[in-house]
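# Chains, contacts and geometry: an overview
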Amino acid sequence: MSLRNYIDSIKPKFEEGGKLHAFRSVFEGFESFLFVPNTTSKNGVNIHDPFDSKRMMIMVVIALCPALLFGMYNVGYQHFALAGMLETATFWNLFWFGFLAVLPRLIVSYVVGLAIEFTVAQWKHEEIQEGYLVSGFIIPLIVPATCPLWILAIAVAFSVIFAKEIFGGTGMNFLNVALITRAFIFFAYPSVISGDSVWVVDHAICGLGADIDGMTAATALGLASTTSAAPAFSMDMVWGLIPGSVGETSVIAIGIGALLLLYTGIASWKTMFSVFAGGIIMALVYNQWGPDNAMAAMPWYEHLCVGGFCFGAVFMATDPVTSARTECGKWIYGFLIGAMAITIRVMNPGYPEGMMLAILLMNCFAPLIDYCVVQSNVSKRAKRMIKK
């Protein structure tokens, strides 16, 4: 019996009147994930676009895969480098070490988040939405590979409930769910996501690697915030062979994902470009007239390559739900994110990574930006009508 026939044979049990009708939304969620729905509308049909939300979410996940795969390799690379075993380690030693370190966090992110989504959908008698497919994939990429699983589970539960479901679910949240997860960890458990001892795994995993005592490995932004001079720029910052969150280090891997999102039209090139423009312009301003610290003196291209700037600009600032939606508003929204991220880095040494707070702040202002743009257009049209 094929999988399709098996699904059809048990389907009546989950329909109204069946023994398992209470779990209908869960069944429909799994069925629509495995197969294209075979139901058709009877009347009042308007086909807008065959590229539905599920296909869009899956395409974003595919775009995130280069950052995930390289992040796994880099987790192993950083561990073996600090352990002094890099010369004897093979590519697969590095990759499998990182794979085993990151996979539990990916599983926890999906299990906790989807469990809440399924429970809420069942309680509300609604279909399960696909929105968490992307959020659940991003969350392990924006935290260190050393983040305790129980802390990650609490943070995911908090963000899904209080940043998404409480506002109505997918498409109704005004704050990025993945960034709320990171913000919760940062403010509730700051030692887990900051400092110089959390960015590299310090123990062996399944016989791979070694236990490292007294291990420290600061990020480039961490060094710049605590020293008088920014670390010298190197191509490792572009390739991603530096300490940091799992998926945020490689500019090249993120760039591959960005090209896919732009080619498919999922991400707005206006938002993405304006984030980089705002960051570059503000970095140049601080280079000339900024305070006397390492962050202000850091070249604009180094600002873009270190921390979560590129990852945030490509995968989170372009979130269609929480970003500005008017065409002019996208330029303003993106520019302010880039400018605010650099400003936070320069002006607040206690929090060297400014991208998270910049995006969350502009998430709050995105509706206001769209409102002002719309009202401006209405006012201009009204004036043209008066002239006629």
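Up top is the structure.
My aim in this report is to walk through the structure given alongside it, one point at a time. (Residues numbered from 1 in each chain as written. Predicted model: local features only at pLDDT ≥ 70, side-chain atom pairs only at ≥ 80, totals over all residues. Heavy atoms only, no water.)

## A look at the overall build of the chain
Of the regular secondary structure elements, the chain holds 17 helices and zero strands. The globule rule puts the C-alpha radius of gyration for 388 residues at 21 Å, and the 23 Å found for the chain is close to it. Summarising its shape, the C-alpha atoms of the chain cover approximately 75 × 70 × 35 Å along the three principal directions. Scored against the burial criterion, the 388 residues of the chain give a buried share of 49%. Residue pairs in contact within the chain that sit at least 24 positions apart in sequence constitute 72% of those at least 6 positions apart. Summing over all exposed atoms, the chain offers an accessible surface of approximately 19,300 Å²; the carbon and sulfur share of this is 66%. For the chain, the distance from the average position of its 22 positive side-chain charges to the average position of its 25 negative side-chain charges is 16 Å. (Helix = DSSP H or I, 4+ residues; strand = E, 2+ residues; numbered from the N terminus. Rg over C-alpha atoms; globule rule 2.2 N^0.38 Å. Buried < 20%, exposed > 50% of the residue type's maximum accessible area, 1.4 Å probe, protein only. Contact = heavy atoms within 4.5 Å. Areas by Shrake-Rupley, 256 points an atom, 1.4 Å probe, with all protein chains shown as cover. Lys, Arg positive; Asp, Glu negative; His and termini not counted. Charge placed at Lys NZ, Arg CZ, Asp CG, Glu CD.)

## Quick look at unusual backbone geometry
A positive phi is found at Cys-206, a non-glycine position, where the angle reads about 50°. Assignment of secondary structure puts Cys-206 in the loop between helix H8 (190–193) and helix H9 (220–226).

## With respect to the environment of Phe-91
Mapped onto the elements of the fold, Phe-91 is located in helix H4 (residues 91–124). Taking the C-alpha atoms as reference points, Phe-91 and Tyr-73, 18 residues apart in sequence, are found 8.0 Å from one another.

## Some thoughts on the packing of aromatic side chains
Per the counting criterion, the structure on display carries 24 aromatic pairs. Seen from their ring centres, Phe-91 and Phe-95 are 6.3 Å apart, and the 10° between their planes marks the pair as stacked. Of this pair, Phe-91 and Phe-95 both sit in helix H4, separated by four residues, roughly a single helical turn. For Phe-91, a relative accessible area of 46% corresponds to the partly exposed category. Judged by centre distance (5.1 Å) and plane angle (35°), the rings of Phe-158 and Phe-162 are tilted. With Phe-158 and Phe-162 both in helix H6 (residues 149–163) and four residues apart, the pair spans about one turn of that helix. Overall, the relative accessible area of 32% leaves Phe-158 in the partly exposed class. Through successive ring pairs, a cluster of aromatic residues spans Phe-70, Tyr-73, Tyr-77, Phe-91, Trp-92, Phe-95, Trp-96 and Phe-99. (Phe/Tyr/Trp six-rings, centres within 6.5 Å; stacked < 30°, edge-to-face > 60°.)

## So, the packing of helix H11 (residues 251–264) against helix H15 (residues 309–316)
Running from N to C, H11 and H15 point in directions that differ by 15°, and their axes come no closer than 10 Å. When the axes of H11 and H15 are compared, the pair comes out roughly parallel. Relative to H15, H11 is oriented so that their crossing is left-handed. When H11 is examined against H15, the residues Val-251, Ile-254, Gly-257, Ala-258 and Leu-261 are found in contact with a partner set consisting of Cys-310, Phe-311, Val-314 and Phe-315. For the contact of H11 with H15, the class distribution of residues is eight nonpolar, one polar and no charged. (Axes fitted to C-alpha atoms, helices over the stretch in contact; angles between N-to-C directions. Parallel < 35°, antiparallel > 145°, perpendicular 65-115°, else oblique. Left-handed = near helix turned anticlockwise from the far one by under 90°. Nonpolar A, V, L, I, M, F, W, Y, C, P; charged D, E, K, R; others polar.)

## Looking at the nonpolar core
Counting 105 residues, the largest nonpolar core has Leu-64, Ile-185, Phe-311 and Ile-337 as the members making the most contacts within it. Here this core takes twelve residues from helix H3 (residues 53–82), the largest share from any one element. Among residues more than four places away in sequence, those in contact with Phe-311 are Leu-64, Ala-67, Ile-138, Leu-141, Ile-142, Gly-247, Glu-248, Ile-254 and Met-316. (Core = buried A, V, L, I, M, F, W, Y, C linked by side-chain atoms within 4.5 Å.)

## Some thoughts on the pattern of salt bridges
Summed over the entire model, instances satisfying the criterion amount to five salt bridges. Where Glu-248 meets Arg-182, a salt bridge forms, and the shortest distance between an N and an O atom there is 3.9 Å. Here Glu-248, found in the loop between helix H10 (236–239) and H11, pairs with Arg-182, found in helix H7 (residues 177–188); they are 66 residues apart in sequence, far enough to count as distant. For the pair shown, Glu-248 and Arg-182 are each scored as buried. (Salt bridge = Lys/Arg side-chain N within 4 Å of Asp/Glu carboxyl O.)

## Some thoughts on H3
Helix length check: H3 (30 residues) gives 43 Å between terminal C-alpha atoms against 44 Å at 1.5 Å per residue, within 8%. The sharpest bend along H3 comes to roughly 35°, located at Leu-64, with the proline Pro-66 sitting one to four residues further on. A positive backbone phi angle near 75° is found at Gly-84, which sits one or two residues after H3. (Expected span 1.5 Å × (residues − 1). Bend = angle between axes of the 7 residues up to and from the residue.)

## Quick notes on the side chain of Gln-78
Relative to the helices and strands, Gln-78 resides in helix H3. In this structure the side chain of Gln-78 is engaged in a polar contact, spanning 3.3 Å, whose partner is the backbone oxygen of Leu-241. Look past the residues within four positions of Gln-78 in its chain and what remains in contact with it is Val-200, Leu-241, Ile-242 and Pro-243. (Polar contact = N/O pair within 3.5 Å; in protein donor to acceptor, adjacent residues only side chain to side chain.)

## Thoughts on the side chain of Ser-245
Along the polypeptide, Ser-245 turns up in the loop between H10 and H11. Among the polar contacts listed, one links the side chain of Ser-245 to the backbone oxygen of Ile-142, at a separation of 3.4 Å. Not counting chain neighbours up to four residues away, the residues in contact with Ser-245 comprise Leu-141, Ile-142, Val-143, Pro-144, Arg-182 and Trp-199.

## Concerning the environment of Ile-193
With respect to the element layout, Ile-193 can be found in helix H8. Between the C-alpha atoms of Ile-193 and Ala-183, which are ten residues apart in sequence, the distance is 9.7 Å. Setting aside its immediate chain neighbours within four residues, Ile-193 contacts Ile-142, Val-143, Pro-144, Arg-182, Ile-185, Phe-186, Val-198 and Trp-199.

## What to know about the environment of Gln-122
With respect to the helices and strands, Gln-122 occurs in helix H4. As a C-alpha pair, Gln-122 and Tyr-6 span 116 residues in sequence and 23 Å in three-dimensional space.

## Looking at the packing of helix H16 (residues 327–347) against helix H17 (residues 355–387)
Viewed as axis vectors pointing N to C, H16 and H17 meet at an angle of 150°, and their least axial separation amounts to 9 Å. Here H17 runs roughly antiparallel to H16, going by the angle between their axes. Considering how the two elements wind past one another, H16 and H17 form a crossing that is right-handed. Between H16 and H17, the residues in contact are Cys-328, Gly-329, Ile-332, Tyr-333, Leu-336, Ile-337, Met-340, Ala-341 and Ile-344 and Met-355, Leu-357, Ala-358, Ile-359, Leu-361, Met-362, Asn-363, Ala-366, Ile-369, Asp-370 and Val-373, respectively. Grouping the constituent residues of the contact of H16 with H17 by class yields 17 nonpolar, two polar and one charged.

Honestly, that's just the spatial picture; any functional story needs more than this.
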